[in-house]
Structure formats: C-alpha cells, structure tokens
Amino acid sequence: MEAMPISDKSRRTGDTTDKSRRTGDTTDKSRRTGDTTDNSNSPIDVLVIGGGPAGLMAADQLSAAGLRVRLAERMGSCGRKFLIAGKGGLNLTHAEPEPAFSSRYFSEADAVRKWLLDFSPTDLRDFAASLGIETMVGTSGRVFPADLKAAPMMRRWLQKLRNVGVQFHYHHRCVGLSKTGGDDATWSAQFQIDDGVETIELQARAVVLALGGGSWAKLGSDGSWQTWLQALGIQLEPLQPSNCGFEVNWSHAMHKHFGAPIKPVGARMSERPSAEAKRGELMISEYGIEGGLIYALSHALRTQITAHGSANLVLDLAPDQSMEQLQLGFERARAGLSMSEKLKRVAHLSAAKSALVFENWPQRSSADHAALADRVKNLIISFKQARNIDEAISTAGGICISGLDVKLMASLHPGLFFAGEMLNWDAPTGGYLLSACFASGHCAAMGVQEYLNNANV
Ligand SMILES: Cc1cc2nc3c(=O)[nH]c(=O)nc-3n(C[C@H](O)[C@H](O)[C@H](O)COP(=O)(O)OP(=O)(O)OC[C@H]3O[C@@H](n4cnc5c(N)ncnc54)[C@H](O)[C@@H]3O)c2cc1C
C-alpha cells in the first residue's frame, strides 16, 4: 500500500513549523516526556488519539502491519489509568471460558464476543508474555501479571512502539475532527497544545479514537469528546458511572462507622429469597456504600434507578446462618440481653453491621425474634443515585456500537474508528474492562487495515 504524504495544511500546522517544533520533539519538554515526533514531512497513514490500553493496542497492531502511525495523547505520558489499575494488582483479564466470559458485557455481549474472537484473553496473556510479562491466574480466576505491577508492562510496551517508529505527540488535546475530500478523504484532527495556548492540526488517512470513559478525569479521560463527536453526527449515550458506590443519606448514628467493612455479606436485587445472591464485601462510607460487592451490582442498580427512580438492595448480614437458626438463637438467648448483645452473640454481627440493622429499623422491638432475624437476613437499603462519575472505576454509555460496522468504523464516516471504554458497553471488574479495551483496539486496527487496503490510496 502506498502511503500518502502529509498535506500542506498539516505541514503548516503540524510538526514542521516553529510552532509545532515548540510543541513537538525538539524542546526540552518533549525530550522529558518522551515525545518522538519526527520533524520530517513523513507520510502518515493512521492517527491514533488516546494513549490508554485501547489506543496503544491499535497503534501496536497498525505499526506491526507496516503502517505509519502517530499517537496523540493529551497528557504528558501514556496509560495513566492503566498504571493506577496497577495499584490494585492489575487484573488484566479473567480465565473464565466462553460463553460465560462475553456474557459479562450485558446487552453488548454479542459485539464484544466478536472482538474477543480475534483477541481473546489467552491472546492477551500471550501479548503480555511477548513483552516479557508473565501472568498468573488467581484463585478467583482473575489473571494478573506475576509481579502484580502495571509499570513494567507499560514501560516495555512504549519502548517497543517507539522502536517500531510510532510517533508520540504528548500534550495534544484533541478538540475536534473534520474530513476533506471524497473517496480518498483525509481526516484532520484539531489539537490544543499546552493547555490551549496553541492550536494545531494533524492529518491522516484514518483515525482511531480511543479517548477513554469519563471517570478519574485527572488521569486524562474526561469524556469531553461527547460534545464534538455529537456535532459530527456520531450517535452516543451519555456517560454514566459504573463499578461505583451508591449514595445513602446516613443518620448521625452511622458516622462512627464510616470506613468500616461489612463482611461477609450477601446481596441480591430482589426480596424474593430465591433471587440470585452474590457474596462479598462492602464498606460504609461518608456518602453511602462502596466496595466490590456493590460495584458488581452497579449495572443492575443503575438500570433500576433509571427505570423506577430508586433501587432496593437486599443485604444478608449473616450469610452463614439460616433464618430459622437465627430466630431460634435469639429466642434461646439469655433474658434481658439487649438487642445489640443478641446481634453480637447470636448473629455474630460487627458493630457496623448492627448499626445498619438499627438504622433501617427505627420501630424495632427486641422481643420480636422473627422480625429481628428477618432484618438480619433481608435488610433493605434504598438508593436513589450512584456516586458521581469521576469516582467510578469505569463508565457505561458512550459511542453506540450500533452506529459502527463490525470493525468499529463509524457507518457515517468511513475512516473513523473507535476503541476502548469510550464505546457503549459495560462490564463488572474482574479483568473484563481491560479485556474489552485491548480487544476493541485490536479490532479497530484490523478495520483500519481493511479500510486502507480497500481505499487503495
Ligand atoms: C482505580 C482504577 C482501577 C482499575 N483497575 C482495573 C483492573 O484491575 N482491571 C481492569 O480490567 N480494569 C481496571 N480499570 C479500568 C481500566 O483501567 C479502564 O477500563 C481502561 O484503562 C480504559 O482503557 P482506554 O484505553 O479505553 O481508556 P484510558 O485508559 O482512559 O485511556 C484514554 C487515553 O486518552 C487520552 N485522552 C482523553 N481525551 C483526550 C483528548 N481529547 N485528546 C487526546 N487524548 C485524550 C487520555 O489522557 C488517556 O490517556 C481500573 C480503573 C480505575 C480508575
């Protein structure tokens, strides 16, 4: 395939002017940040925007296919969210087999399954191994780097990409896209440099957007792309918090339990005893409830809040005892024991768990043992809203997959591809988030290759 040289406009506004040299690779700053911009009028095939796992995977595959790739990133370095994930051990993927694996992606299971066919969890582990990062499967089936660190993998990956000639443009914040020409269209991306002090344009035959979701904005992904992509006619659902805490208006009595763990605990979305219950850990926080168990239920809670204005979560504070065992234990307890004592000695509840019972049962009666056992086994907490998006582990919503072809190219805009968390899919934690980001980056890269081959320019 013949590569198209950079256009005059991009030369004017891109990397060969004084201005771009200031923002490109000749300054001290760019040397500091590892910016590898080439000042020559080098031909450019693909512009990948966003240097998280999805964008880096697209750049990796495209450069391996011999294409000239530029990667623009608004921050001074790549993969900041990936590196934060490393603080929790970096759960790269999961050993769960298909079809269970892709069923984790709710309504987008079919779409994600297609991406995973070409870049499976095993491929992801092989890819890590190719960078010298061995992985291991934990007892829960979660897959981690053997040393539980993210930085070595990111460091080696970036080095590999630099070695194969991917040009990195740091401190480039994309603020819009436009297209010129017909069949052999050229995409122009507008960037604010150095926090908006200057604006430049980079051009390419195809663009992969991998701009992330909308949480933890300080790491780079702030969801501001929603505005300019909507202006291009791209269909999207507003970003929403996922794998997040939910708000509860606690009474003063709960304040001393902020930060206290609630474990073990069962949780289900319905009062029906037969409803599927998950077991895990929660934490009482100043704003409400957080922790792994509620993150796992965040999709279901959010769906109920959207449909009904609120969602009820049913907690089982003594998951190792049956209702009957508890009731009998309360009845047999020594006369005169306070309710707190009964909860502690019979149900083995911590002070924080007991406080939850009291909080949710203002008209309590310690003589009604059946009711007490029921409160312990079926404690209902009502939520009206999720915690704000910036604190969420991930975001749902984003670019509608139905508006893209199977290789993630916008149906309305040939040559424009999407990957990663900015796509409208949702999944629980457990390695499913990164798996979909890597696999969609891989899928978009395959789409770009097909597109450029067919365009034959
Ligand atoms: C605390 C925490 C822990 C996590 N742990 C795990 C885990 O263990 N396992 C797991 O599977 N997932 C985990 N995740 C989720 C996972 O990190 C994300 O789903 C993943 O990083 C998303 O990848 P991405 O490439 O789509 O987006 P990001 O990683 O968000 O990367 C997008 C990039 O685009 C850049 N960008 C954004 N807008 C612009 C713009 N306008 N112009 C130029 N550049 C832009 C950003 O600066 C960023 O570098 C965790 C998330 C958090 C917050």
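This one's a predicted model, so the numbers in the text were calculated from it and none came from an experiment. (Residues numbered from 1 in each chain as written. Predicted model: local features only at pLDDT ≥ 70, side-chain atom pairs only at ≥ 80, totals over all residues. Heavy atoms only, no water.)

Moving on, we get to the overall build of the chain. For the chain, the helix and strand inventory stands at 17 helices and 19 strands. Here the chain, with 457 residues, has 53% of them falling under the buried criterion. Residue pairs at least 24 apart in sequence account for 70% of intrachain contacts in the chain once pairs closer than 6 positions are excluded. Accessible surface, the chain as shown: approximately 19500 Å² in total, 50% of it carbon and sulfur. (Helix = DSSP H or I, 4+ residues; strand = E, 2+ residues; numbered from the N terminus. Buried < 20%, exposed > 50% of the residue type's maximum accessible area, 1.4 Å probe, protein only. Contact = heavy atoms within 4.5 Å. Areas by Shrake-Rupley, 256 points an atom, 1.4 Å probe, with all protein chains shown as cover.)

Turning next to the sheet that holds strand E3 (residues 93-94). Ordered in space as E3-E5-E4, the 3 strands form an open sheet in which the pairing is antiparallel. Among the strands making up the open sheet, the edge pair consists of E3 and strand E4 (135-137). Sheet analysis places E4 next to strand E5 (residues 142-145), joined by 3 bridges and oriented antiparallel. Bridge pairing in E5 places Val 137 opposite Val 143. (Pairing = 2+ DSSP bridges.)

This paragraph deals with the site of the ligand. In the neighbourhood of the ligand, 30 residues make up the surrounding shell, with Glu 73, Asn 91, Ser 221, Glu 421 and Leu 434 lying closest. One of the side-chain nitrogen or oxygen atoms of Glu 73 is found 2.5 Å away from an oxygen atom of the ligand. Taking Asn 91, its main chain carries an N or O atom lying 2.8 Å from a nitrogen atom of the ligand. In isolation the ligand has 1000 Å² of accessible area, and contact with the protein removes 95% of it. Counting only elements with at least two residues in the shell around the ligand, the list comes to helix H4 (53-64), helix H5 (80-85), strand E7 (172-180) and helix H17 (432-455). (Near = heavy atom within 4 Å. Polar contact = N/O pair within 3.5 Å; in protein donor to acceptor, adjacent residues only side chain to side chain.)

Now for the side chain of Asn 243. Note that Asn 243 resides in the loop between strand E11 (236-242) and strand E12 (246-247). There is a polar contact of 2.9 Å between the side chain of Asn 243 and the backbone oxygen of Ala 427. From its side chain, Asn 243 meets the backbone nitrogen of Thr 429 in a polar contact 3.3 Å long. Asn 243 has contacts with Tyr 295, Ser 298, Ala 392, Ile 393, Ser 394, Ala 427, Pro 428, Thr 429 and Leu 433, leaving out every residue within four places of it along the chain.

This paragraph deals with the confidence of the model for the chain. The predicted model of the chain has a mean per-residue pLDDT of 90, with 89% of residues at 70 or higher. Between residues 1-34, whose pLDDT stays under 50, and residues either more than four places distant or in other chains, the model counts 84 contacts. (pLDDT = per-residue confidence, 0-100.)

Another point: the packing of H4 against H17. Contact geometry of H4 with H17 gives a least axis separation of 7 Å together with a crossing angle of 35°. You can see that H4 and H17 cross each other, and the crossing is right-handed. Residue-level contacts link Pro 53, Ala 54, Met 57, Ala 58, Gln 61 and Leu 62 of H4 to Leu 434, Cys 437, Phe 438, Gly 441, His 442, Ala 445, Val 448 and Gln 449 of H17. In terms of residue class, the contact of H4 with H17 is built from 10 nonpolar, 4 polar and no charged. (Axes fitted to C-alpha atoms, helices over the stretch in contact; angles between N-to-C directions. Left-handed = near helix turned anticlockwise from the far one by under 90°. Nonpolar A, V, L, I, M, F, W, Y, C, P; charged D, E, K, R; others polar.)

This paragraph deals with the nonpolar core. Note on soluble globular proteins: their nonpolar side chains tend to be buried together. Of all hydrophobic cores here, the largest spans 88 residues; its most connected members are Trp 115, Leu 209 and Phe 418. The element best represented in this core is H17, accounting for 13 residues. Each residue touching Leu 209, except ones within four places of it in the same chain, is listed here: Ile 49, Leu 177, Trp 228, Leu 229, Leu 416, Phe 417, Phe 418, Ala 419 and Met 422. Grouped together as the second largest cluster of nonpolar side chains are 44 residues, Met 254, Leu 297, Leu 326 and Phe 330 included. (Core = buried A, V, L, I, M, F, W, Y, C linked by side-chain atoms within 4.5 Å.)

With that settled, consider unusual backbone geometry. Outside of glycine, negative phi angles account for most residues, and trans bonds account for most peptide bonds. Omega for the peptide link from Glu 98 to Pro 99 comes to 0°, which places this bond in the cis form. Considering the arrangement of structural elements, one finds Pro 99 in the loop between E3 and helix H6 (100-103). Along the chain, Lys 263 connects to Pro 264 via a cis peptide bond; the corresponding omega equals -10°. With respect to the helices and strands, the residue Pro 264 is situated in strand E13 (residues 261-268). Even without a glycine there, the phi angle at Leu 90 is positive, about 55°. On the secondary structure map, Leu 90 appears in the loop between H5 and E3. Classification of Leu 90 by relative accessible area gives buried; the value is 0%.

Let us now look at the layout of surface pockets. When its volume is computed, the second largest pocket comes out at roughly 250 Å³. Taken together, 15 residues form the lining of the second largest pocket, with His 299, Arg 302, Ala 396, Gly 397 and Asn 424 sitting closest to its centre. Counting residues per element, the lining of the second largest pocket draws most heavily on helix H12 (residues 298-308), at 4 residues. Considering only residue class, the lining of the second largest pocket consists of 4 nonpolar, 7 polar and 4 charged. (1 Å grid on protein atoms, 1.4 Å probe; cavity = no way out; pocket = protein on both sides within 12 Å on 5 of 7 lines; lining within 4 Å. Points joined across faces, edges and corners; volume = space filled by probe spheres on them.)

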